[in-house]
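# Working through the structure, step by step
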Amino acid sequence: MKKSLRSTRSSQIQTDFWSAVQNGIAEDGGLYIPKDWQNKQLNVETLPDSYLQIAHAVLSCFTDELDPQTLTSFLHQAYDGRFEAEDVVALKPLGSDYLLELYHGPTAAFKDIALSLLPLFLNEAAARQENPAQTLILTATSGDTGKAALEGFKDRSGCELLVFYPDQRVSEIQQRQMLTSEGKNVGVCAVRGDFDDAQSAVKRCFADPQLSAELQAHHIRLSSANSINIGRLVPQIVYYFWAYRKLRRQGVLKNGQHLNFSVPTGNFGDILAGYYAKQMGLPVGKLIVASNANNILTEFFTTGRYDCQRKLVKTTSPSMDILISSNLERLLAHESAPDDGSVSLYMEQLKQNGWYQIEPSLLAKLQRQFACGDCLDDQAAETIHQVYAQTAQILDPHTAVGVHVLRQLRQKGEVQDPCVILATASCYKFSRDVHEALFGHCDLDEWSAMEQLSARTGLPIPTALQGLREKSIRHTDKIEKDAIVDYVRQKVQVMKHD
Ligand SMILES: *Cc1c(COP(=O)(O)O)cnc(C)c1O
């Protein structure tokens, strides 16, 4: 099998796409990245128009030795009848810019796009093993990954899924979506702490020698549905090409003209997919890293210092309440000389000291490609209000961060060409905050706010969120973050008896 990927920390550690999907993380603790881009070039001028056809062209560049018919079949299984948009996603004008609506899938957030495909990739990866094992997928979520994974993996044979979310740190609707999840092979557990606590707890499971021995004895493999898994990132490249292609066809863009993208960012996965699209030949202008009050990335792209010695702030955009943006490591690896040891050093410094500072030459390279800015909760609310007044479109608080930061940069003259803002969630996932932004102080509970919002604006509630309030709660586990390994070990005991 062709080894098309390497670890961010060493080019000696190489693997093929399927093993990377199965293992999640590289054996040296690094993340898998494409070795090069030479055989991954696509000409957007000659691409077909439909989402599935573009997806086929993009994914073929990564899915080593998968026959084209199988890939087509995966795409139909993942997307047919599961997305309520014209063509999986939708593009709407917003003044002279555009909103790319990525939230019309089964859980009303953009994570559905990748997590609809990932289970099929994992199945394929398992089938390629000589000794197919059961897979246990561990996932930390800041709110949206959890439910998208629960929907993607439910009742799939050969795998079990455990989702860990930070207690009281996700929106009520996100929590209800997860806790009412059906499926014999899925579990959900609250972790006392914030997202970074949940994410590092999950990472500890991957590194625990005793757990690892028990898993091996029971012939169970661990994998991850987080965006550290390359199988999560690759499907997200598709909509960058799709949006560009659509604007070309509409005559908005000239041949080769640059298109900017503003991306509400947390774990740096979605925006990295935009960087990958650019490496594959898409004429991308600036990639705008839009942060909420947890603006560690704004500081990083401004000063080159990544410093997470601060408190995580709880915001109205909880899916971006993250201090350790895992996928930034991938960007650093792509932009540094291979094997100069810098990426390992930075990651070691982050672990030991809580911060690192990149070289000025590396920072300059990043600043040529990325712009950045942040947006506080009241600015996001103001943006939701303004955009509704001007265009009758309703932004969710994450998307509002992307719109606000773009406007900030336009005022400063830092962005010229047209821009696509990635709309990452339905406003109904955050009904109370959106209701309050539009109509002032809101005494309603989340569920009444949802109904009111729909009644007052005429925007239908997505099918994914209808009837949620009445569904029964099926998952009630809650643990301390240090208890996670024991918790997973208990689950493994149950799995082996099934
Ligand atoms: C996950 C998420 C983000 C952040 O995406 P990353 O890939 O983690 O940067 C933004 N908005 C919403 C609604 C999300 O669910």
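Only a predicted model underlies this, so the values are computations on that prediction, with no experimental measurement involved.

## Focus on the overall build of the chain
Check the secondary structure of the chain and you find 20 helices and 16 strands. What you see for the chain is a C-alpha radius of gyration of 21 Å, in line with the 23 Å of a compact globule of 498 residues. If one aligns the C-alpha atoms of the chain with their principal axes, the spans along those axes are about 60 × 50 × 50 Å. Burial status across the chain gives 62% buried among its 498 residues. The contacts of the chain with a sequence gap of at least 6 include a subset with a gap of at least 24, amounting to 74%. Across the chain, the mean location of the 50 positive side-chain charges is 2 Å away from that of the 59 negative side-chain charges.

## Considering the site of the ligand
Not every one of the 15 residues close to the ligand is listed here, only the nearest: Lys111, Asp144, Gly266, Asn267 and Asp270. A distance of 3.2 Å is found between an oxygen atom of the ligand and a backbone nitrogen or oxygen belonging to Gly269. The side chain of Thr424 places a nitrogen or oxygen atom 2.9 Å from a nitrogen atom of the ligand. The class makeup of the residues in the shell around the ligand is five nonpolar, seven polar and three charged.

## A word on the UniProt feature "domain: Tryptophan synthase beta chain-like PALP" (unreviewed entry) in the chain
As annotated by UniProt and renumbered to match this structure, "domain: Tryptophan synthase beta chain-like PALP" (unreviewed entry) occupies residues 101-326. Overall, residues 101-326 shows 42% helix and 20% strand. The separation of its end C-alpha atoms is 24 Å.

## Remarks on the UniProt feature "modified residue: N6-(pyridoxal phosphate)lysine" (unreviewed entry) in the chain
Per the UniProt record, "modified residue: N6-(pyridoxal phosphate)lysine" (unreviewed entry) is found at Lys111. Among the structural elements, Lys111 can be located in helix H4 (residues 111-115). In this structure Lys111 comes out as buried when scored by relative accessible area, which is 10%. In this view, Lys111 contacts Asp144, Thr145, Ala148 and Arg232; residues no more than four positions away in its chain are not counted.

## Points about the sheet that holds strand S15 (residues 419-423)
Spatially, the six strands line up as an open sheet ordered S4-S5-S15-S10-S11-S14, and their pairing is mixed. Single-partner strands in this sheet number two, and they are strand S4 (90-94) and strand S14 (370-374). Strand-to-strand twist across the sheet, computed as the mean angle between neighbouring axes with direction ignored, equals 25 degrees. Note that strand S10 (residues 259-264) and strand S11 (residues 284-291) share five bridges and pair parallel. For Val263, the partnering residue across the bridge sits in S11 and is Val289.

## Concerning the sheet that holds strand S8 (residues 186-192)
With parallel pairing, the five strands of this open sheet are ordered in space as S9-S6-S7-S8-S16. Where the open sheet ends on each side, the last strands, each with one partner, are strand S9 (220-224) and strand S16 (477-480). Mean inter-strand twist for the sheet, computed between neighbouring axes without regard to direction, equals 25 degrees. Looking at chain direction, strand S7 (residues 159-166) and S8 are connected through six bridges and run parallel. Looking at S8, one finds that Pro166 is bridged to Val191. Contacts from helix H7 (residues 172-179) reach S7 and S8 within the one sheet, and its direction differs from that of S7 by about 155 degrees.

## A look at the pattern of salt bridges
If you walk through the whole model with that rule in mind, you get 24 salt bridges. Residue Glu101 is joined to Lys92 by a salt bridge in which the shortest nitrogen-to-oxygen separation is 3.1 Å. Under the relative-accessibility criterion, Glu101 is labelled buried at 6%. As a salt-bridge pair, Asp482 and Arg204 come within 3.7 Å of each other at their nearest N and O atoms. Taken as a pair, Asp482 in the loop between S16 and helix H20 (484-497) and Arg204 in helix H8 (residues 195-207) lie far apart in primary sequence, 278 residues in all. Sharing partners across several salt bridges, the network here consists of Asp49, Arg245 and Arg249.

## Brief notes about unusual backbone geometry
Phi angles above zero are rare outside glycine, and Val88 is one such case at about 70 degrees. With respect to the helices, strands and loops of the structure, Val88 is situated in the loop between helix H3 (68-79) and S4. Notably, His219 is not glycine yet its phi reads approximately 60 degrees, a positive angle. Judged by its relative accessible area of 38%, His219 is partly exposed.

## What to know about the packing of helix H16 (residues 377-391) against helix H18 (residues 431-439)
Remark: H16 packs on H18, axes separated minimally by 8 Å, with the N-to-C direction vectors making an angle of 60 degrees. Read as a crossing pair, H16 and H18 show a hand that is right-handed. Contacts between H16 and H18 pair Ala381, Ile384, His385 and Tyr388 from the former with Val434, Ala437 and Leu438 from the latter. Class assignment of the residues belonging to the contact of H16 with H18 gives a composition of six nonpolar, one polar and no charged.

## Quick word on the nonpolar core
Counting residues in hydrophobic clusters, the biggest one holds 112 residues, and the most contacted among them are Tyr51, Phe241, Phe261 and Phe301. At 12 residues, the largest contribution of residues to this core is made by helix H10 (residues 230-249). When residues no more than four places from it in sequence are discounted, the contact partners of Phe261 are Tyr240, Ala243, Leu282, Val284, Lys286, Leu287, Ile288, Cys419, Val420 and Leu422. By size, the runner-up hydrophobic cluster in this structure holds 39 residues, among which are Tyr103, Cys375, Ile394 and Val434.

## Digging into the packing of aromatic side chains
Taken as a whole, this structure holds 20 aromatic pairs when the rule is applied. Centre to centre, the rings of Phe300 and Phe301 are 5.1 Å apart; their planes meet at 85 degrees, and the pair counts as edge-to-face. On the basis of relative accessible area, Phe301 is assigned to the buried category, the value being 3%. Cluster of aromatic residues (ring-pair linked, three or more members): Trp37, Phe268, Tyr275, Tyr276, Phe300, Phe301, Tyr306, Tyr346, Tyr356 and Phe370. Sitting above the plane of the Phe62 ring, Lys40 keeps its charged end 5.4 Å from the centroid. Stacked on the ring of Trp355, the Lys or Arg Arg305 has its end atom at 4.0 Å from the ring centre.

Criteria and cut-off values
- Residues numbered from 1 in each chain as written.
- Predicted model: local features only at pLDDT ≥ 70, side-chain atom pairs only at ≥ 80, totals over all residues.
- Heavy atoms only, no water.
- Helix = DSSP H or I, 4+ residues; strand = E, 2+ residues; numbered from the N terminus.
- Rg over C-alpha atoms; globule rule 2.2 N^0.38 Å.
- Buried < 20%, exposed > 50% of the residue type's maximum accessible area, 1.4 Å probe, protein only.
- Contact = heavy atoms within 4.5 Å.
- Lys, Arg positive; Asp, Glu negative; His and termini not counted.
- Charge placed at Lys NZ, Arg CZ, Asp CG, Glu CD.
- Near = heavy atom within 4 Å.
- Polar contact = N/O pair within 3.5 Å; in protein donor to acceptor, adjacent residues only side chain to side chain.
- Nonpolar A, V, L, I, M, F, W, Y, C, P; charged D, E, K, R; others polar.
- UniProt positions renumbered as here; feature names shortened; annotations may be inferred.
- Pairing = 2+ DSSP bridges.
- Axes fitted to C-alpha atoms, helices over the stretch in contact; angles between N-to-C directions.
- Salt bridge = Lys/Arg side-chain N within 4 Å of Asp/Glu carboxyl O.
- Left-handed = near helix turned anticlockwise from the far one by under 90°.
- Core = buried A, V, L, I, M, F, W, Y, C linked by side-chain atoms within 4.5 Å.
- Phe/Tyr/Trp six-rings, centres within 6.5 Å; stacked < 30°, edge-to-face > 60°.
- Lys NZ or Arg CZ within 6 Å of the ring centre and 35° of its normal.

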